[in-house]
Amino acid sequence: MTGGGHPPFLVVGHINKVHGTRGELFVWPLTDHPDSHFTPGAVHLPAGEGGDHPSATLAELTVEAVRPYRKGFLARFAGVDDRAAAERLRGRYLLRPFDAIDRPDEDEVFYHELLGAAVVHRDGSALGTVREVFPVRPSDLLEVAGPDGEFLLPFNRRVVVEVDRERRRVIVDPPEGLLP
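Residues numbered from 1 in each chain as written. Predicted model: local features only at pLDDT ≥ 70, side-chain atom pairs only at ≥ 80, totals over all residues. Heavy atoms only, no water.

Novice: Break down the overall build of the protein chain for me, with residues and values.
Specialist: Tallying secondary structure elements over the protein chain gives three helices and twelve strands in all. With the principal axes as the frame, the protein chain shows a C-alpha extent of 60 × 30 × 30 Å. Pairs at least 24 residues apart make up 54% of the contacts formed inside the protein chain by residues separated by at least 6 positions. (Helix = DSSP H or I, 4+ residues; strand = E, 2+ residues; numbered from the N terminus. Contact = heavy atoms within 4.5 Å.)

The structure is reproduced here in structure tokens:
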């Protein structure tokens, strides 16, 4: 997908819990480039109930201060000065406009570009379409819905030969025994 195929906003983090009594929040980053999004002055939009569009009732959040904490960040946002104000944000996703997102390197892809893409074996045979992307370790997984049911494929260089953005195809060459 290019240009108009991108969503207007992308999720870059999740507010997990309140930390202390002065409005600090523990944020779990959901981006490969957290330093671009969790820096003083960065503006985030708290998501509404669906998680993919800004809340109609919550104001944008500007990062005042941020520091590493465990596997995430402790962040202070302008105007969030006490525990009660912070509690209203707990559990929300943080969105940024697509234009504020770092462009992927040539060998990187946004997950939304994979959803609905055709999965094709290197030999040309159709295997199905990508239904979901699961960011797990050691390798992200593609959930593929095919004519013989659903199956998971590792999204790594050993299995995925190419991601053809223009034709919305994921070309794979899985080892024997991986496909159903």
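Novice: Which residues make up the sheet that holds strand β7 (residues 118-121), and what are the values?
Specialist: Read across the open sheet, the six strands follow the order β10-β9-β8-β7-β12-β11; overall the sheet is mixed. With one partner strand each, in any of the chains shown, β10 (149-154) and β11 (160-164) form the two edges of the open sheet. The mean angle between the axes of side-by-side strands here comes to 30°, regardless of whether they run parallel or antiparallel. (Pairing = 2+ DSSP bridges. Axes fitted to C-alpha atoms, helices over the stretch in contact; angles between N-to-C directions.)

Novice: Break down the pairing of strand β3 (residues 43-46) for me, with residues and values.
Specialist: Here two bridges tie β3 to strand β4 (residues 61-69), and the two strands are oriented antiparallel to one another. Along β4, the bridge assignment pairs Val-43 with Thr-62. With two bridges joining them, β3 and strand β6 (residues 93-97) adopt antiparallel strand pairing. Bridge pairing in β6 places Pro-46 opposite Leu-94.

Novice: Could you give an account of the sheet that holds β6, with specific residues and numbers?
Specialist: Spatially, the six strands close up into a barrel ordered β1-β2-β5-β4-β3-β6, and their pairing is antiparallel. Across this sheet, the average inter-strand angle for adjacent strands is 50°, counted without regard to direction. With three bridges connecting them, strand β2 (residues 24-29) and strand β5 (residues 72-77) associate as antiparallel partners. Each residue of the ladder has a partner; that of Leu-25, found in β5, is Ala-75.

Novice: Summarise a nonpolar patch on the surface; cite the residues concerned and give the values.
Specialist: Side chains of Val-11, Trp-28, Leu-30 and Tyr-93 sit close together on the surface and give an oily, nonpolar patch of about 320 Å² of accessible area. Accessibility expressed as a relative area gives 35% for Trp-28, which makes it partly exposed. (Patch = residues over 30% accessible without salt bridge, like charges linked within 9 Å, V, L, I, M, F, W, Y side chains within 5 Å. Areas by Shrake-Rupley, 256 points an atom, 1.4 Å probe, with all protein chains shown as cover. Salt bridge = Lys/Arg side-chain N within 4 Å of Asp/Glu carboxyl O. Buried < 20%, exposed > 50% of the residue type's maximum accessible area, 1.4 Å probe, protein only.)

Novice: Give me the packing of aromatic side chains: which residues, what numbers.
Specialist: A full pass over the atoms with the stated rule returns three aromatic pairs. With 5.9 Å between their ring centres and 75° between their planes, Phe-26 and Tyr-69 make a pair best called edge-to-face. Here the residue Phe-26 occupies a position in strand β2, and Tyr-69 occupies one in strand β4, the gap between them amounting to 43 residues. For Phe-26, a relative accessible area of 7% gives the class buried. (Phe/Tyr/Trp six-rings, centres within 6.5 Å; stacked < 30°, edge-to-face > 60°.)

Novice: Residues and numbers for the pairing of β7, please.
Specialist: Where β7 lies against strand β8 (residues 126-134), three bridges are found, and the strand directions are antiparallel. By the bridge assignment, Val-120 is partnered in β8 with Ala-126. Linking β7 back to β8 in an antiparallel pair, the connection comprises four residues, with Gly-124 at a positive phi of about 100°. Where β7 and strand β12 (residues 169-172) come together, four bridges link them in parallel fashion.

Any link to function would need more than the numbers given here.
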